[in-house]
Amino acid sequence: MKPTIYLYNLRNDKGRQIEMLCLSANIGCRHVNADEYGKRIGYIADIEGFDATDKIPVTQPFTDEMLIFKGFDQELLTNFLAMYRTAGIATIPLKAGLTPTNIQWCSVELHAELQQEHQEFLKQKK
C-alpha cells in the first residue's frame, strides 16, 4: 500500500506545493471533492468493504483545509512533516492519520472532530 495524503480544500498554490512534495517523496496525493464529503472515509481511502452509496447528506460542506494521512508509519510522517516545514508551506491545523475509528466517519464528521481538538489545543496553549 502506497502512502497517500488526502487533501481537502487545497486546489490552490499550497495544494500544488504539497503535490510536488508528495511527488518527490513517492507519496500518493488525492484531492477530495466537496461532493464526496458525505461518503465514509474508508470509501474515499479505497479501503475494502466500503460502498459509495453509504453516505450522509451534506448540506453545508466545510471550507477549511484538511489533510488525512493513509499508510504512514511514524518515521515517514515525521520525515514528511519535516520536509513540509523545510519547504515553507503554510501550516494546516486540521490533520489526521487514518484509523480504524475514523474510516467509519464521513469527512464532515472528521472535520468536526479535528476542529474541536484544534480549539482545545488553542485553549491549552494560552
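Preceding this section is the structure that the text describes.
Below is a short write-up of the structure. Since the model is a prediction, treat every value here as computed from it, not as a measurement.

Turning our eyes to something else, we now look at unusual backbone geometry. Phi is positive for Asn9, which is not a glycine, with a value near 55°. Positioned with a positive phi, Asn26 is a non-glycine residue whose angle comes to about 55°. Tracing the sequence through the fold places Asn26 in the loop between helix H1 (13-24) and strand S2 (28-32). You can call Asn26 exposed: its relative accessible area is 54%.

Looking at the secondary structure, you find Glu36 in the loop between S2 and helix H2 (41-44). Discounting chain neighbours no more than four positions away, the residues touching Glu36 are Arg30, His31, Ile44 and Ser107.

Parameters and conventions
Residues numbered from 1 in each chain as written. Predicted model: local features only at pLDDT ≥ 70, side-chain atom pairs only at ≥ 80, totals over all residues. Heavy atoms only, no water. Helix = DSSP H or I, 4+ residues; strand = E, 2+ residues; numbered from the N terminus. Buried < 20%, exposed > 50% of the residue type's maximum accessible area, 1.4 Å probe, protein only. Contact = heavy atoms within 4.5 Å.

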